[in-house]
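Each chain, letter by letter, is given below.
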Amino acid sequence: MSAAPERPAPSPRDEGLQPERTALAWQRTVLGVVVGALVLAAAGLRSGSTVTVCAAVAVGVLALVPAVLRPPTGGLPGSGRLYSWSFLVRVASLVVVLALVGAVWALGRALGAA
Amino acid sequence: MGRDEQDVQSGVEAPADTRRPRSVYGVGTEPDARFSLANERTALAWVRTGLGLVAGGVALTSFATFADMPGVLDVVAGVACLAGAGFAGYALVAWRRNERALRLRRRLPAPSGLPVLVVGVVILALLLAGYAVGSATGS
């Protein structure tokens, strides 16, 4: 970044665009969850497993709805306080649900094939 | 930057901090918001890493429907999915540890998940390479 002149008042906008980068990281992550859910749904459709398809679609919708309803603004919060934990817990638990559905399905097929 | 003034001001004006988890926000003092944002991005990168393992495992499962030795592929896919779940959980653990260290002005803990991830990916690659060689020589 070019050397910006020192501002007298603290700006709500960060010079390093950290809030924007964080917002983009959130979008990548939500997009990844949705793509993962679509891959799982496609795999479930191919083998005709309704439960897998329903679980995958539910994970995708649960990931998308909060991201669409409350998009990240890209600014530092006015109070200076970040509320990361509940959002992190939600997206991590969606990934865990996706993983468990995929693992149960894959291992179940392996056991069934053996 | 005037960042210290802002911290002092918000420390004076702000009402009691009720954010959860209390084990993080109940200790220390508020760090620069940029450091917390960087910590959040690191946690999200771990979540995406786990997600990549899950998506790869699921893709492998659908590939196993028309491959030789589908049982082997299904086991590898299941293990990859479970490892992905583990890394998503590790993202939360690491975020909590790092945020505590930031608030207490301590050194950041070592990224203990990184060697596990590297070893796991290498094992996954070796298993799939062994499968590829085995199915090529078997057929």
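Along every chain, residues carry numbers that run from 1 in the direction the sequence is written. Note on labels: chains are lettered from A, ligands numbered from 1, in written order. The predicted nature of this model means local features are confined to residues of pLDDT at least 70 and side-chain atom pairs, given and counted, to a pLDDT of 80 or more, with totals for whole chains, interfaces and linings taken over all residues.

Re the overall build of chain B
A count of helices and strands for chain B gives five helices and zero strands. Ordered by position from the N terminus, the helices and strands of chain B form the series α-α-α-α-α. Exposed residues have 12 or fewer other C-beta atoms within 10 Å of their own C-beta, buried residues have 20 or more, and partly exposed residues fall in between, where C-beta atoms are placed from the backbone. Looking at chain B as a whole, 31% of its 139 residues qualify as buried. Contacts in chain B between residues at least 24 apart in sequence constitute 68% of all its contacts with a sequence separation of at least 6. Per the convention used, a helix needs a DSSP run of H or I reaching at least four residues, while a strand needs a run of E reaching at least two, with both numbered from the N terminus. Any pair of residues counts as being in contact when their C-beta atoms, constructed from backbone geometry, are within 7 Å of one another.

Some words on the nonpolar core
Residues enter a nonpolar core if they are buried, belong to Ala, Val, Leu, Ile, Met, Phe, Trp, Tyr or Cys, and are joined to the set through C-beta atoms within 7 Å. Val95 and Leu98 of chain A together with Val47, Cys81 and Ala91 of chain B are the most contacted members of the largest nonpolar core, which has 52 residues in total. For Val95 of chain A, the contacting residues outside a window of four places in its chain are Val33 of chain A together with Val47, Gly50, Leu51, Val54, Gly84, Ala85 and Ala88 of chain B.

Comments concerning the interface of chain B and chain A
In this complex, chain B contributes 45 residues to the contact, which on the side of chain A involves 48 residues. Mapped by element, the contributors of at least two residues to the side of chain B that touches chain A are helix H1 (3-13), helix H3 (33-64) and helix H4 (70-103) of chain B. Counting residues per element, the side of chain B that touches chain A draws most heavily on H3 of chain B, at 20 residues. Amino acid classes used here: Ala, Val, Leu, Ile, Met, Phe, Trp, Tyr, Cys and Pro are nonpolar; Asp, Glu, Lys and Arg are charged; the rest, including Gly, are polar. Residues belonging to the side of chain B that touches chain A are distributed by class as follows: 23 nonpolar, 13 polar and nine charged.

Some words on unusual backbone geometry
Residue and element names in this part refer to chain B. Of the consecutive residues Arg20 and Pro21, the connecting peptide bond is found in the cis state with omega at -5 degrees. Following the sequence through the fold, Pro21 ends up in the loop between H1 and helix H2 (22-25). With a phi close to 45 degrees, Met69 is a non-glycine residue in the positive phi region. Position of Met69 among the secondary structure elements: in the loop between H3 and H4. You can call Met69 partly exposed: it has 14 C-beta atoms within 10 Å. The backbone phi angle of Arg105 is positive, close to 60 degrees, even though this residue is not glycine. Summarising the element assignment, Arg105 is placed in the loop between H4 and helix H5 (113-138). Exposure remark for Arg105: the 9 C-beta atoms within 10 Å place this residue in the exposed category.

What about the packing of H3 of chain B against H4 of chain B?
All names here are of chain B. Axis definition: a line fit to C-alpha positions, over the contact stretch in the case of helices; interaxial angles, taken between N-to-C directions, run 0 to 180 degrees. Where H3 meets H4, the axes come as close as 7 Å, and the angle between the chain directions of the two elements is 175 degrees. Comparing their axes, H4 and H3 come out roughly antiparallel. Among the residues making up the contact of H3 with H4, the classes are represented as 26 nonpolar, ten polar and two charged. An angle counts as roughly parallel when it lies under 35 degrees, as roughly antiparallel when it exceeds 145, as roughly perpendicular when it falls between 65 and 115, and as oblique in every other case.

Considering the confidence of the model for chain B
All names here are of chain B. Within a predicted model, pLDDT stands for the predictor's per-residue confidence, ranging from 0 to 100. Looking at chain B, the pLDDT average stands at 87 and 89% of residues meet or exceed 70. Summarising per-element confidence for chain B, the mean pLDDT is lowest in H1 (48) and highest in H4 (94). The model gives residues 1-11 a pLDDT under 50, and that stretch makes eleven contacts with residues more than four places away or in other chains. For this predicted complex, the interface confidence reaches an ipTM of 0.82, while the overall pTM sits at 0.84.

Regarding the environment of Val33 of chain A
Looking at where Val33 of chain A falls in the secondary structure, it is placed in helix H1 (residues 18-47). For Val33 of chain A, a count of 26 C-beta atoms within 10 Å puts it in the buried group. Between the C-alpha atoms of Val33 of chain A and Ala92 of chain A, which are 59 residues apart in sequence, the distance is 9.7 Å. When sequence neighbours within four positions are dropped, the list of residues in contact with Val33 of chain A reads Val59, Ala63, Val91, Leu94 and Val95 of chain A together with Leu51 of chain B.

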